[in-house]
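Chain and residue survey
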Amino acid sequence: MSLRAPYKALRHPGLVFRPSRRFSVLRRDDLQNTVIHIPKADIYRFGDPNFVRPLFRDVEWTVKEGEAWAIVGSGSGEKTSLLQVLLGHLRISPSPPPPGGLFPFLNSPSSGSPRDPLECISIVSFGNRRRAAGGAFYDYTARYGAVREEDRLTLRQSMFPESQPPEFGLNTNTPENSPPPRLSEQEMQVFNYLVDKMGLAALLDLPLIALSNGQTRRARVIKAILSRPELLLLDEPLTGLDLQNRPTLLEILRSLHSARSPRVILGLRTQDPVPEWITHVAFVKDGKVITGPKEEVLSATEHFHKPQPAGAKISPTPVGELVVEMKGVGVKYGNRTVLNNINWEIRQGERWHLQGTNGSGKTTLLSLLTGDHPQSYTQPHLHLHGLPRHRIPTPHLHSLVGLVSPELFDAFPRRAGMSVWEAVGTGFDGGFVPLGTHGVGTGIMAPLDEAGIQWRVRRCQAVIDALGPRSWSNDTRAGESAEAFAKRAFVDLSVGEQRMVLLMRALVGRPPLVLLDEVWSGMDEGMVRAARRYLREGGVGDEQGVVVITHWEDEVPWTEEDGVKRFRLDGGEGRVQTLD
Ligand SMILES: Nc1ncnc2c1ncn2[C@@H]1O[C@H](COP(=O)(O)OP(=O)(O)OP(=O)(O)O)[C@@H](O)[C@H]1O
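Residues numbered from 1 in each chain as written. Predicted model: local features only at pLDDT ≥ 70, side-chain atom pairs only at ≥ 80, totals over all residues. Heavy atoms only, no water.

The protein chain goes by P-loop containing nucleoside triphosphate hydrolase protein in an unreviewed UniProt entry, where it is assigned to Collybia nuda. UniProt annotates the protein chain under Sequence similarities (unreviewed entry) with the comment "Belongs to the ABC transporter superfamily." (UniProt positions renumbered as here; feature names shortened; annotations may be inferred.)

With that out of the way, let us pick up the sheet that holds strand β1 (residues 34–44). Taken in spatial order, the three strands make up an open sheet running β2-β1-β4, and their pairing is antiparallel. Among the strands making up the open sheet, the edge pair consists of β2 (56–64) and β4 (91–93). For this sheet, the mean angle separating the axes of adjacent strands, direction not counted, is 45°. Pairing geometry for β1 and β2, over six bridges, is antiparallel. Its bridge partner being in β2, I43 is matched across the sheet by F56. The strands that helix α2 (residues 78–86) touches are β1, β2 and β4; relative to β2, the one it contacts most, it runs at about 60°. (Pairing = 2+ DSSP bridges. Helix = DSSP H or I, 4+ residues; strand = E, 2+ residues; numbered from the N terminus. Axes fitted to C-alpha atoms, helices over the stretch in contact; angles between N-to-C directions. Contact = heavy atoms within 4.5 Å.)

Here we have six strands laid out as an open sheet, ordered β15-β16-β17-β12-β18-β19, and mixed in their pairing. Edge positions in the sheet fall to β15 (401–404) and β19 (573–577), since each of these pairs with one other strand and no more. In this sheet, adjacent strand axes meet at a mean angle of 20° when their direction is disregarded. The sheet contact formed by strand β18 (residues 565–570) and β19 spans five bridges and is antiparallel. What sits directly across from R566, in β19, is Q577. The strands that helix α9 (residues 362–369) touches are β12 (351–355), β15, β16 (513–517), β17 (545–549) and β18; relative to β16, the one it contacts most, it runs at about 155°. Contacts between helix α16 (residues 495–507) and the sheet are confined to β15 and β16, with β15 contributing the most and set at about 165° to the helix.

Now for α9. Most of α9 is tucked away: eight of the eight residues are buried. What α9 keeps buried is the set K362, T363, T364, L365, L366, S367, L368 and L369. Downstream of α9 by one or two residues, G371 has phi in the positive range, about 80°. (Buried < 20%, exposed > 50% of the residue type's maximum accessible area, 1.4 Å probe, protein only.)

The next thing to look at is the side chain of N245. Tracing the sequence through the fold places N245 in helix α7 (residues 245–258). Look at N245 and you get buried, because its relative accessible area is 13%. Excluding its chain neighbours within four sequence positions, the residues that come into contact with N245 are M198, R218 and N358.

Our focus in this paragraph is the pattern of salt bridges. Using the criterion set out here, one finds 22 salt bridges in the structure. Here R269 and E236 are joined by a salt bridge, their closest N and O atoms 3.9 Å apart. Of the two residues, R269 sits in strand β7 (residues 263–269) while E236 sits in the loop between β6 (231–235) and α7, which places them 33 residues apart along the sequence. The same class applies to R269 as to E236, namely buried. The salt bridge partner of E251 is R254, with a shortest N-O separation of 2.7 Å. (Salt bridge = Lys/Arg side-chain N within 4 Å of Asp/Glu carboxyl O.)

This part is about the site of the ligand. Neighbouring the ligand are 19 residues; S212, G214, K362, T363 and T364 lie closest to it. Measuring from an oxygen atom of the ligand, one finds a backbone N or O atom of S360 at 3.2 Å. The separation between an oxygen atom of the ligand and a polar side-chain atom of K362 is 2.7 Å. About the coverage of the ligand: the protein hides 95% of its 660 Å² of free accessible area. (Near = heavy atom within 4 Å. Polar contact = N/O pair within 3.5 Å; in protein donor to acceptor, adjacent residues only side chain to side chain. Areas by Shrake-Rupley, 256 points an atom, 1.4 Å probe, with all protein chains shown as cover.)

Below, the discussion takes up the pairing of β7. Consecutive side chains of a regular strand alternate in pointing toward one face of the sheet and then the other. Burial analysis of β7 places seven of its seven residues in the buried class, which makes it a mostly covered element. Judged by which residues are buried, β7 turns out to be covered on both faces: R263, I265, G267 and R269 on one side and V264, L266 and L268 on the other are all buried. Of the strand pairs in this sheet, strand β3 (residues 69–73) and β7 are connected by five bridges, and their pairing is parallel. For W69, the partnering residue across the bridge sits in β7 and is I265.

For any two helices packed against each other, one specifies the inter-axial angle together with the distance between the axes. Here helix α6 (residues 213–226) crosses α7 at 10°, and the two axes come no closer than 12 Å. One finds that α6 runs roughly parallel with respect to α7. Contact residues: α6 offers R218, V221 and I225, while α7 offers N245, L249, I252, L253 and L256. Classifying every residue of the contact of α6 with α7 by side-chain character gives six nonpolar, one polar and one charged. (Parallel < 35°, antiparallel > 145°, perpendicular 65-115°, else oblique. Nonpolar A, V, L, I, M, F, W, Y, C, P; charged D, E, K, R; others polar.)

Turning our eyes to something else, we now look at the packing of aromatic side chains. The geometry of an aromatic ring pair is captured by the separation of the ring centres together with the interplanar angle, meaning the angle of the planes. This structure, assessed with the given rule, holds eight aromatic pairs. Seen in terms of ring centroids, W344 and F567 are 4.4 Å apart; in terms of plane orientation they differ by 10°. Their pairing is stacked. Taken together, the residues W344 in strand β11 (residues 336–347) and F567 in strand β18 connect sequence positions 223 residues apart. You'll find W344 and F567 in the same group, each marked buried. For the ring pair W472 and F485, a centre distance of 5.8 Å and an interplane angle of 80° mean the geometry is edge-to-face. (Phe/Tyr/Trp six-rings, centres within 6.5 Å; stacked < 30°, edge-to-face > 60°.)

What follows is the structure, given as structure tokens:
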């Protein structure tokens, strides 16, 4: 797409910004009807002076009571940055004038004394849960084994930390011997209603760590609602949710919003559908924020959210040797059966879409293939790469699998100083610590010879070239060069960029098995397009088998015509889906 076309949209007559720098001051009686008020301002990082380029220029944004807003933009940063403005993490210049400030409704005389935005505004964001902050690798595989003492906290306990006895270590303000506060009847009613509607009632006494990705996301939304904010911001709330749960969550959010208890603002990616109850959109692109009624803004920016074509026609890959062979495979926790009698074969060249609702066992099944699940040793017949699982040491197995998953994303160490190159290079040996003089590992079963090192260096360069910023930027000449990107610190990248790097890490060693679990979440549309194109057009070869997990059919890089196969988990059972 040429750069000009989208910018024409930004000059839509109804949306053009007036050049005046004068801004409106709200009257006292407007305060209570105005939720957000940015009369006209530029947005900067704290510490940046006004002469540097702002993150957003000429933002004019007013949210009135009764309007339902979504912020739509790229997952790689801008949408999330606008949400950060509301959390006070970025500087607004000039700052919204008194008496209303940024949140006039919190300063309205009719609602008593001014309230602190920090206490009234909550965000649920699924970017990075910061478990790996500080540089350490967080062992996400703990969820598959015996639950450790520090992971004992159950879903129920996590919802009301203040009501738990001190042995859970949560209520540090409660003296050891005082009883925990009682929950009000109303709190209990809201809690019961929400866990029931969101399908979590049967999971309340499970350790939090045992919940699936979609279950965890729903739990985090409920927890945020229970904290009773005045304004709740949800960044990409639908990502990772299955088809059944999406309308339920949206309906809950709609009814909460219309009761202003709390008011809700959604953050959506350009490729996400905008719920029908949303009335207004703030569209964020290239440092500009276009605000207005939904239809006007979406039609003026439609170039950005057209469905993506599948890509050029490709011939189905020839099918080769068995990579995975499962017969009668199952996983149980006590008397809870998650997988039962699974029979599945994955061959070289095959492209699989693993399907199933939240909690149906998809990630658990993948953890058998990576050898991370302790029950992978005790299966009646689980052959990986031609050998029974117990005959392959786990570190060797890790080097034979390229994995991207939400758990790995959370756990990957954000170590100060680890460069993009080094993060990608850890993929060869499947570890998490950069090793070797060139940052491409040292080999697992035998030390690498010089030819092996050089091959790895070339592969690292090739994937960073193919999936680096120029592959996803609108203007391929303006994007950062692969060389410069390779030197950036992994920890400083946006969520979308980190996800691209972890995809590069999974593909760099051309492992026989590639497992892509919710790989697109947090990526913006350009990144998704670049990654899909790369995967379809040679990024994985005939000698590799690939399994993709996503709840959005159109996110699978291969279509029926390309020969994609489907394996569906339902009620613990698994079966190959025949294409209709
Ligand atoms: N230690 C455990 N004890 C009991 N149940 C567990 C334990 N660990 C996981 N589970 C359950 O196993 C089920 C499967 O989880 P899994 O993460 O594999 O689901 P999933 O299909 O990947 O879901 P999602 O689409 O939400 O990612 C979930 O219902 C989860 O609660």
